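Each chain, written out:
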Amino acid sequence: MASLRVFEGSHLGPDEERLQSSILEERRPMTDSYPSADRTATAGTSAVANATGRQRDAALAVAEVVLLAVILVMALLGNGLVLVVLLRRKRRHNPLHQFMLNLCVADLVVALFQVLPQLVWDAKGRLPGPDILCRLVKYLQVFGMFASSYMIVAMTMDRHYAICCPLQAHRSGATHRSTSYSALAWGLSLVLSLPQSFADFPGLTRTVLELTEIDFQAFIFSRSEVAPGVYECWGNFAESWGLKAYVTWMTLAVFILPVLIITVCQVHRTDTHTHSL
């Protein structure tokens with residue numbers, strides 16, 4: 001450094017200018033190879049933000065939290081009031097009464113175990129807690145969506161059968177049939193939600209690998225390290241197409257398939273009523 005200050009404060013000849021240039025060239029990579037602590041911290045923060053998708057607009061984040069809070073309050077109040085009214089009624093063996101009761105419970109599951117955790121997630125920037133909490137929350141989030149959709153399907157199929165086949169429906173027993181449909185909806189929801197969050201079994205993975213030679217991962221969400229020292233409730237897919245397959249499956253199973261079943265039942269019931277006239 002002293003030699004450089006001497007060179008900078010005096011007139012340099014050609015040889016001295018070449019010497020100064022060589023010294024500066026030698027110092028440049030050394031300076032670049034040791035970044036400051038601020039630059040390192042900034043780079044680390046950017047890496048974590050990119051890995052966890054946390055570079056969000058502050059105004060948009062606030063809007064999401066407010067919207068989720070409004071949905072949560074309305075869902076709890078609306079379904080809670082309907083549930084209280086249904087429980088106070090004396091005719092609890094009516095099929096429609098049972099379906100409405102089950103549908104209110106399913107909607108409350110959605111409010112408490114999907115909207116509320118998502119609200120906390122958006123407000124804090126990540127889902128706090130251990131791995132078991134991550135898996136349980138992700139399981140219950142999907143379970144509520146399945147239960148709510150499939151309970152509407154069960155109610156539609158029961159009403160379709162009662163209107164289109166009244167004699168058979170009377171013989172089979174309306175209460176027993178509605179109970180069976182409700183139990184089927186809850187059971188399917190429990191089973192179809194399992195791959196969402198419970199730990200993969202190494203034995204199953206090895207067996208599938210041996211049979212199909214494909215890296216198979218049966219279960220999706222867990223508390224994973226998304227950046228050095230940063231853990232998040234994260235989805236892991238063994239194949240590059242896993243995310244697209246997951247979104248497609250959820251769209252089909254939760255939305256499109258129930259809508260198709262409900263539409264077919266409604267159209268067939270309308271045609272039956274028209275022909276009877």
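Residues numbered from 1 in each chain as written. Predicted model: local features only at pLDDT ≥ 70, side-chain atom pairs only at ≥ 80, totals over all residues. Heavy atoms only, no water.

Engineer: Even after reading the chapter, I still don't get the UniProt feature "transmembrane region" (unreviewed entry) in the protein chain, so can you show me in this structure?
Structural biologist: Mapped onto this structure's residue numbering, the UniProt feature "transmembrane region" (unreviewed entry) falls at residues 65–87, 99–116, 136–157, 178–198 and 246–267. With 100% helix and 0% strand, residues 65–87 has end C-alpha atoms that lie 32 Å from one another. As annotated, residues 246–267 has a helix share of 100% and a strand share of 0%, and its two end C-alpha atoms lie 30 Å apart. (UniProt positions renumbered as here; feature names shortened; annotations may be inferred. Helix = DSSP H or I, 4+ residues; strand = E, 2+ residues; numbered from the N terminus.)

Engineer: What am I meant to see in the confidence of the model for the protein chain here?
Structural biologist: The predicted coordinates should not be examined in detail at positions where pLDDT is low. Residues with a pLDDT of 70 or more make up 67% of the protein chain, whose mean pLDDT is 74. Helix α4 (residues 58–88) holds the highest mean pLDDT among the elements of the protein chain, 92, whereas helix α3 (residues 37–52) holds the lowest, 39. Below a pLDDT of 50 lies the segment residues 26–53, which in the model reaches 12 contacts outside its immediate sequence neighbourhood of four places, other chains included. (pLDDT = per-residue confidence, 0-100. Contact = heavy atoms within 4.5 Å.)

Engineer: So what exactly am I meant to see when it comes to the packing of helix α5 (residues 95–124) against helix α6 (residues 131–164) here?
Structural biologist: A packed helix pair is summarised by two numbers, namely the angle formed by the two axes and the spacing between the axes. It is the contact of α5 with α6, at a shortest axis distance of 8 Å, that shows an interaxial angle of 155°. Between α5 and α6, the angle falls in the class roughly antiparallel. As α5 runs across α6, the sense of the crossing is left-handed. By residue class, the composition of the contact of α5 with α6 is 20 nonpolar, six polar and four charged. (Axes fitted to C-alpha atoms, helices over the stretch in contact; angles between N-to-C directions. Parallel < 35°, antiparallel > 145°, perpendicular 65-115°, else oblique. Left-handed = near helix turned anticlockwise from the far one by under 90°. Nonpolar A, V, L, I, M, F, W, Y, C, P; charged D, E, K, R; others polar.)

Engineer: What is the right way to look at the packing of aromatic side chains in this model?
Structural biologist: To describe a pair of aromatic rings, you give the distance between the ring centres and the angle between the ring planes. As enumerated under the stated definition, the model contains four aromatic pairs in all. A ring pair is formed by Tyr 139 and Phe 143, whose centres lie 6.2 Å apart and whose planes are at 5°; its orientation type is stacked. Pair noted here: Tyr 139 and Phe 143 are both in helix α6, with a separation of four residues, about one helical turn. Like Phe 143, Tyr 139 is buried. With a centroid separation of 5.8 Å and 35° between ring planes, the pair formed by Phe 143 and Trp 186 is classed as tilted. One end of the pair, Phe 143, is in helix α6; the other, Trp 186, is in helix α8 (residues 174–192), with 43 residues separating them in the sequence. (Phe/Tyr/Trp six-rings, centres within 6.5 Å; stacked < 30°, edge-to-face > 60°. Buried < 20%, exposed > 50% of the residue type's maximum accessible area, 1.4 Å probe, protein only.)

Engineer: I keep staring at the packing of α6 against α8 and nothing clicks. Help me out?
Structural biologist: With their axes 8 Å apart at the nearest point, α6 and α8 run at an angle of 155° to one another. Between α6 and α8, the angle falls in the class roughly antiparallel. For the element pair α6 and α8, the recorded crossing hand is right-handed. Contacts from Tyr 139, Phe 143, Phe 146, Ala 147, Tyr 150, Met 151, Ala 154, Met 157, Asp 158, Arg 159, Tyr 161 and Ala 162 in α6 reach Arg 177, Ser 178, Tyr 181, Ser 182, Ala 185, Trp 186, Leu 188, Ser 189, Leu 190 and Leu 192 in α8. Taken together, the residues of the contact of α6 with α8 sort by class into 16 nonpolar, three polar and three charged.

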